[in-house]
Amino acid sequence: MKHENILQLDPLIHAPTRLAILSILVTVKNANFTFLKESIGTTDGNLSTHLTKLENNGFVKIKKIFKGKKPQTICAITGKGRKGFKKYLEQLEQIVQMQKY
Amino acid sequence: MTQNQVQQEISIIKEMIDKTRKETAESGHLFIFMGIASAFFVLIISLLEMYRVDHLVIPAMIILTCLNGLVGYFVVSKPVKEEKVQSYPKTVVLSLWVVCGVTLLMITFLFPFLKVYTFRALGTLASLILGIAVFMTGVIYEMRFVVWYSLAWWVGAVLMAISDSPYRFLIMIAVIFIAWIVPGFIMNKKYKNRSEKNEA
């Protein structure tokens, strides 16, 4: 893999928190905000910021619902997010292969 | 990007997937509670028929069916819907069991009254349907032992079809135990072992 390919690693996904968010969402139908926060081990504000960035770029969709009287934020990955994550994984794999040789 | 950075990213991905897998693991509660409720249903109805308390059979079937429905809703469906994470396999399995439940309702209440078949065929037909549901659950969750145990439903269906004994209902109860409750306990044990391993 050439150096210019390394530079093309999607900066949107490259951040650890966003990478963690997408790693979770790609394997499930949806996950709520609390689960994401607990699994990633981050604060409400930090998670919100990263989710907003992913949503603004069309990688995740966020829905706010009420379960009884309790508000819930439900997050799901989009098709674009899935493709982006898959491409990111392929690039990581190429880096690993390149570093072997 | 250095090798360390790549390893770090791969670790993040792996850790998140593991945590999600743990959260969405099947606890086996569906199998255990629905199995016990169904065994109870079969036992009560069969005893009523055996002791010729025919006038209580239909009311008992209705009450026990409602009880089974409540068990299914409160023990399985509601907790699944309230989970922090909705996984595709669980959604599919839940839909599979809802459809199975509707079909069982029809074969239990509708078709015998339309005289499509007698009540004698109920055990056989129910076993066939439950065999499909258990088999598919094992396939979807990739639990081979559940798939193998599901074969007992079809063996039970054949045995009930050829048996003339008034104790035929015991075959159904045995099948429920072997092919529903036992796999449920195995699932539950694996689920608890995984939880303990993650907490350690």
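Residues numbered from 1 in each chain as written. Chains lettered and ligands numbered in written order. Predicted model: local features only at pLDDT ≥ 70, side-chain atom pairs only at ≥ 80, totals over all residues. Heavy atoms only, no water.

A. The pattern of salt bridges, seen in detail. Counted by the stated rule, this structure contains eight salt bridges over all chains. Two residues, D44 of chain A and K37 of chain A, come together in a salt bridge whose shortest N-O distance is 2.8 Å. According to the relative accessible area criterion, D44 of chain A is partly exposed, its value standing at 42%. Taking the relative accessible area as the measure of exposure, K37 of chain A reaches 27% and is therefore partly exposed. E15 of chain B is paired through a salt bridge with K19 of chain B; the nearest N and O atoms lie 3.2 Å apart. Pair noted here: E15 of chain B and K19 of chain B are both in helix 1 (residues 3-23), with a separation of four residues, about one helical turn. Of the residues examined, K19 of chain B reaches a relative accessible area of 30% and is grouped as partly exposed. (Salt bridge = Lys/Arg side-chain N within 4 Å of Asp/Glu carboxyl O. Buried < 20%, exposed > 50% of the residue type's maximum accessible area, 1.4 Å probe, protein only. Helix = DSSP H or I, 4+ residues; strand = E, 2+ residues; numbered from the N terminus.)

B. Highlighting the nonpolar core. Residue and element names in this part refer to chain B. Counting residues in hydrophobic clusters, the biggest one holds 43 residues, and the most contacted among them are F31, W97, L130, W153, M172, I176 and W180. Going through the elements one at a time, helix 2 (29-50), helix 3 (57-81), helix 4 (88-110), helix 5 (122-140), helix 6 (144-162) and helix 7 (168-199) are the ones with two or more residues in this core. Not counting the four nearest positions on each side in its chain, I176 is found in contact with G35, S38, A39, V42, W153 and I181. (Core = buried A, V, L, I, M, F, W, Y, C linked by side-chain atoms within 4.5 Å. Contact = heavy atoms within 4.5 Å.)

C. How the structure looks around the packing of aromatic side chains. All names here are of chain B. All chains considered together, the criterion is met by six aromatic pairs over all chains. A ring pair is formed by W97 and W180, whose centres lie 5.5 Å apart and whose planes are at 15°; its orientation type is stacked. You can see W97 sitting in helix 4 and its partner W180 sitting in helix 7, a full 83 residues away along the chain. In terms of burial, W97 and W180 fall into one category: buried. (Phe/Tyr/Trp six-rings, centres within 6.5 Å; stacked < 30°, edge-to-face > 60°.)

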